[in-house]
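Descriptive structure summary
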Amino acid sequence: MARTLVTGGAGFLGSHLCDFLLEQGHTVICMDNLSTGSIENIDHIRSEEFSFIKHDVTEYIYVQGKLDYILHFASPASPCDYMEMPIQTLKVGSLGTHKALGLAKEKNAVFLLASTSEVYGDPLVHPQREDYWGNVNPIGPRGVYDEAKRFAEAMTMAYHRYHGVRTRIVRIFNTYGPRMRLHDGRVVPTLIYQALTNQPLTVYGDGSQTRSFCYVSDLIRGICQLLVSDITDPVNLGNNHEMNILEFAQHVRRLSGTSSEIVFKELPVDDPKTRQPDITRARECLHWEPQVSFEEGLHKTIEWFSTRVLR
Ligand code: UDP
């Protein structure tokens, strides 16, 4: 039976991963310092094969016994969070990744890094393929996250090349679904919350910047397929259905049935103008394809948020 460590396991993606891995028969150790993760996300888990360790992975990580897999998901991931915690974000991407890789080497475990579309920065190539090196401003406010993840990728490849650790890198594009934090500042929870409480929907800039939103269950399935593959090169995972943020706000209005108006606010510094994953590699190598339509995913997400907001 596989024994698996998920760092950041009490976060949005981490907790869905814990659920999925338990369903697949893994014994799961969830590690989190609860800076942006929450016990509420794992409270429902009743399995005896599950344990939680409160720990900050920028410090030495000690886990007793064997480990077959390490999924390194610890990091703030919302622009608001990493701008509020710039140094922790840099530390978890660099020191935390180093510690997690050291543990993978020690345990001879497969290591999977949660990387991000942010490694492409404000991209000059569209859609983004894995062989695009990106357009990142290292000293801008988003640089703390982007550069930490770029360093994390470099460190992961160094452990693979120098120490022979079996590594995987997933570049995650915008993902949404239940368990996103209501006030994490990202567009999906923010606009849904505003719609459900009849407040104006805040669109930054003129709303012409684009994103491509992937429902969480599709992403988790893809990550677990990548984990058991032998692909060392980075793999984009995301939904390639691209829309601009104004369209997104209109979908939220329609599906939530709110009468909230849309208001325009200043565009944050270095906000990427376009983003769409090229998922050819995932299609060809993993036979992976997103399955949940935007309509269905957004509907499920609004439903979940409404039980939180309106209770
Ligand atoms: N955004 C917005 N209104 C909000 C929050 C975000 O228009 O209340 C925009 C943001 O400027 C960006 C897009 O929505 O262009 C997605 O932002 P998010 O913070 O979700 O993540 P990002 O894709 O920028 O990492």
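What you see is a predicted model; the values in this text were computed from it and never measured.

Scoring rules and cut-offs
Residues numbered from 1 in each chain as written. Predicted model: local features only at pLDDT ≥ 70, side-chain atom pairs only at ≥ 80, totals over all residues. Heavy atoms only, no water. Helix = DSSP H or I, 4+ residues; strand = E, 2+ residues; numbered from the N terminus. Rg over C-alpha atoms; globule rule 2.2 N^0.38 Å. Buried < 20%, exposed > 50% of the residue type's maximum accessible area, 1.4 Å probe, protein only. Contact = heavy atoms within 4.5 Å. Areas by Shrake-Rupley, 256 points an atom, 1.4 Å probe, with all protein chains shown as cover. Axes fitted to C-alpha atoms, helices over the stretch in contact; angles between N-to-C directions. Parallel < 35°, antiparallel > 145°, perpendicular 65-115°, else oblique. Left-handed = near helix turned anticlockwise from the far one by under 90°. Nonpolar A, V, L, I, M, F, W, Y, C, P; charged D, E, K, R; others polar. Polar contact = N/O pair within 3.5 Å; in protein donor to acceptor, adjacent residues only side chain to side chain. Near = heavy atom within 4 Å. Pairing = 2+ DSSP bridges. Disulfide = S-S within 2.5 Å. Core = buried A, V, L, I, M, F, W, Y, C linked by side-chain atoms within 4.5 Å.

**Here we look at the overall build of the chain**
The helix and strand inventory of the chain stands at 9 helices and 13 strands. The C-alpha atoms of the chain give 19 Å as radius of gyration, which agrees with the globular expectation for 311 residues (19 Å, within 12%). With the principal axes as the frame, the chain shows a C-alpha extent of 55 × 45 × 40 Å. Each of the 311 residues in the chain was classed as buried or not, and the buried ones make up 56%. Considering only residue pairs separated by 6 or more positions, the chain has 80% of its internal contacts joining residues 24 or more positions apart. As displayed, the chain offers around 13,700 Å² of accessible surface, 51% of which is attributable to carbon and sulfur atoms.

**Remarks on the packing of helix H5 (residues 187–196) against helix H7 (residues 245–256)**
Where H5 meets H7, the closest approach of the two axes is 10 Å, and the angle between their N-to-C directions is 40°. One element, H5, and the other, H7, form an angle in the oblique class. The hand of the H5/H7 crossing is right-handed. Along its contact with H5, which presents Val187, Val188, Leu191, Ile192 and Ala195, the element H7 presents Ile245, Phe248, Ala249, Val252 and Ser256. Of the residues belonging to the contact of H5 with H7, the class tally is 9 nonpolar, 1 polar and no charged.

**Some remarks on the side chain of Asp122**
With respect to the helices and strands, Asp122 occurs in the loop between strand E5 (110–116) and helix H4 (143–163). At a separation of 2.6 Å, a polar atom in the side chain of Asp122 contacts the side chain of Lys273. Every residue in contact with Asp122, bar those within four places of it in the chain, is listed here: Asn135, Asp271, Pro272, Lys273 and Thr274.

**What to know about the site of the ligand**
In the vicinity of the ligand lie 18 residues, with Thr202, Tyr204, Arg211, Asp271 and Arg275 positioned nearest. Note that an oxygen atom of the ligand is positioned 2.9 Å from one of the side-chain N or O atoms of Arg142. Those elements that provide at least two residues to the shell around the ligand are H5 and strand E8 (201–204). The residue makeup of the shell around the ligand, split by class, is 7 nonpolar, 5 polar and 6 charged.

**A few points about the sheet that holds strand E1 (residues 3–7)**
Read from one edge of the open sheet, 7 strands run E3-E2-E1-E4-E5-E6-E11, paired in parallel fashion. Only two strands of the sheet have a single partner each, and these edge strands are strand E3 (50–54) and strand E11 (235–237). Taken over all neighbouring pairs, the strand axes of this sheet differ in orientation by 20° on average, direction set aside. On the sheet, helix H3 (residues 86–107) packs against E1, strand E4 (69–72), E5 and strand E6 (167–172) and is oriented at approximately 175° with respect to E4. Strands in contact with helix H6 (residues 216–227) are E4, E5, E6 and E11; relative to E6, the strand with the most contacts, it is inclined by about 160°.

**Structural notes on the state of the cysteines**
Tallying each qualifying case throughout the model produces 0 disulfides. With no disulfide of its own, Cys30 lies 4.3 Å from the sulfur of Cys18, the closest cysteine sulfur. On the accessibility criterion, Cys30 (0% relative accessible area) is buried. Free cysteine: Cys285, not disulfide-bonded; nearest cysteine sulfur from Cys224 at 17 Å. You can call Cys285 partly exposed: its relative accessible area is 43%.

**A few points about unusual backbone geometry**
The amide bond that connects His126 to the next residue, Pro127, takes the cis arrangement and shows omega of -10°. Residues other than glycine seldom take positive phi values, yet Asn108 does so here, at roughly 55°. Classification of Asn108 by relative accessible area gives exposed; the value is 56%. One non-glycine residue, Arg179, lies in positive phi territory at about 85°. The exposure class of Arg179 is buried, given its relative accessible area of 16%.

**Considerations on the packing of H3 against H4**
H4 packs onto H3 with a crossing angle of 15° between their chain directions and a minimal axis gap of 8 Å. When the interaxial angle is binned, H3 and H4 end up roughly parallel. As H3 runs across H4, the sense of the crossing is right-handed. The residues of H4 that touch H3, namely those facing Pro86, Thr89, Leu90, Gly93, Ser94, Thr97, His98, Leu101, Gly102 and Lys105, are Val144, Tyr145, Ala148, Phe151, Ala152, Met155, Thr156, Tyr159 and His163.

**Notes on the nonpolar core**
Counting residues in each nonpolar core, the largest one holds 59 residues, and the members touching the most others are Leu71, Phe73, Ile223 and Phe248. Broken down by element, the residue count for this core peaks at 7 residues, all from H6. Those residues in contact with Leu71 that sit more than four places away from it in its chain are Thr4, Leu5, Val6, Thr7, Leu17, Leu21, Leu112, Ile223 and Leu227.

**A closer look at the environment of Leu237**
Along the chain, the position of Leu237 falls in strand E11. By relative accessible area, Leu237 is classed as buried at 0%. When the C-alpha positions of Leu237 and Gly8 are compared, they lie 19 Å apart, and in sequence the two are 229 residues distant. When residues no more than four places from it in sequence are discounted, the contact partners of Leu237 are Val170, Arg171, Ile172, Phe173, Leu219, Gly222, Ile223, Ala282 and Trp288.

By themselves, these observations are geometric and do not establish any function.
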